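Examining the three-dimensional arrangement
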Amino acid sequence: MTVRYAAVLITGASSGIGAALAVACAAPGGALHLGGRNVARLDAVADACRALGAVVSAPAVDVRDAAATQAWIEAAGRLDLVVANAGIGGGIDDGVPEPADQVRAILAANLDGALNVALPALATMLRQPPAADGVRGRIAVVASMAAFMPSPAAPSYCASKAALDAWTVATATPARAHGVRLTSVCPGYVRTPMTVNNRFPMPGLMDAERAAGIILRGIAAGRMRVAFPWWMAAATRLFGALPPRLSGALLATQPGKAGLPRDG
């Protein structure tokens, strides 16, 4: 059964998983607060959600700006579901250490940016009265299966997602005691702009719409972690348990991930 939320806030809603979640959550009379940096794509997603009957606000939001993001969340009023989804991908493909500016850019967007959403959302929900089911609100933080297996081809991306997963799962227990449900979302390969240029096999690749359905069902069930597909989650955990020198050597034989775009 599909769970409908009266008020939902999603970052990174202009494409990929964020856009698919927005459309899946759109319902007549429901409020959607959608954030993203690409205004044209965000407007297109907002229009699609309005066509389904949702009341949508879709400002340009950069989650790296902590003060602006907090102000946006606090101005939204009561929120039943917040999804911290915005993030960037990047890696290395030449066997040299990841450039310092790329390390900082990825951690700023993926780790700090996600916490800039999750922390004020948690504070807001703790002040909200509980609904009929006793839940004050739900927060989903989109990590990745990369959290389970540090890859030499994407050091900062893996690190950012590992930190997000650990923080979310660890915080979920005390938050639950106060009526807020936290879920770490760890997808495998999803067909999005972030994966379109990958030059290596992507087992279990799925459409964003299917991923959104799995995520929403896991959130509704109150799961602390939603990792899918299950068989890939099991495999990456086993691989991540190998001695680092062995797992690193095996992963180093695979094609790398493109780095972030650079000026000049």
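This structure is a prediction, so every number in the text was calculated from the model and none was measured.

What follows covers the nonpolar core. Residues Ile10, Leu21, Leu32, Leu34, Cys49, Leu81 and Phe228 are the most contacted members of the largest nonpolar core, which totals 35 residues. The element best represented in this core is helix α6 (residues 208-220), accounting for 7 residues. For Leu34, the contacting residues outside a window of four places in its chain are Ile10, Ala13, Ala22, Leu42, Val45, Ala46, Cys49, Val56, Ser57, Ala58, Pro59 and Trp72. Val63, Ile73, Leu122 and Leu164 belong to the second largest nonpolar core, which has 32 residues in total.

Relative to strand β2 (residues 31-34), strand β1 (residues 7-10) runs parallel, the two being bridged by 4 bridges. Bridging across to β2, Leu9 finds its partner in His33. Regarding the hand of the β-α-β motif, the stretch spanning β1, helix α1 (residues 16-25) and β2 is right-handed. Of the strand pairs in this sheet, β2 and strand β3 (residues 55-57) are connected by 3 bridges, and their pairing is parallel.

Now for the environment of Val23. The residue Val23 is located in helix α1 in this model. Among the residues examined, Val23 registers a relative accessible area of 36% and is labelled partly exposed. The contacts of Val23, once residues within four sequence positions are left out, are Cys49 and Leu52.

In contact at an axis separation of 8 Å, α1 and α6 are set at 65° when each is read in the N-to-C sense. The handedness of the crossing between α1 and α6 comes out as right-handed. On α6, the residues touching Gly16, Ile17, Ala20, Leu21, Ala24 and Cys25 of α1 are Ala208, Glu209, Ala212, Ile215 and Leu216. Class assignment of the residues belonging to the contact of α1 with α6 gives a composition of 9 nonpolar, 1 polar and 1 charged.

Parameters and conventions
- Residues numbered from 1 in each chain as written.
- Predicted model: local features only at pLDDT ≥ 70, side-chain atom pairs only at ≥ 80, totals over all residues.
- Heavy atoms only, no water.
- Core = buried A, V, L, I, M, F, W, Y, C linked by side-chain atoms within 4.5 Å.
- Buried < 20%, exposed > 50% of the residue type's maximum accessible area, 1.4 Å probe, protein only.
- Helix = DSSP H or I, 4+ residues; strand = E, 2+ residues; numbered from the N terminus.
- Contact = heavy atoms within 4.5 Å.
- Pairing = 2+ DSSP bridges.
- Right-handed = clockwise from strand over helix to strand, strands pointing away.
- Axes fitted to C-alpha atoms, helices over the stretch in contact; angles between N-to-C directions.
- Left-handed = near helix turned anticlockwise from the far one by under 90°.
- Nonpolar A, V, L, I, M, F, W, Y, C, P; charged D, E, K, R; others polar.

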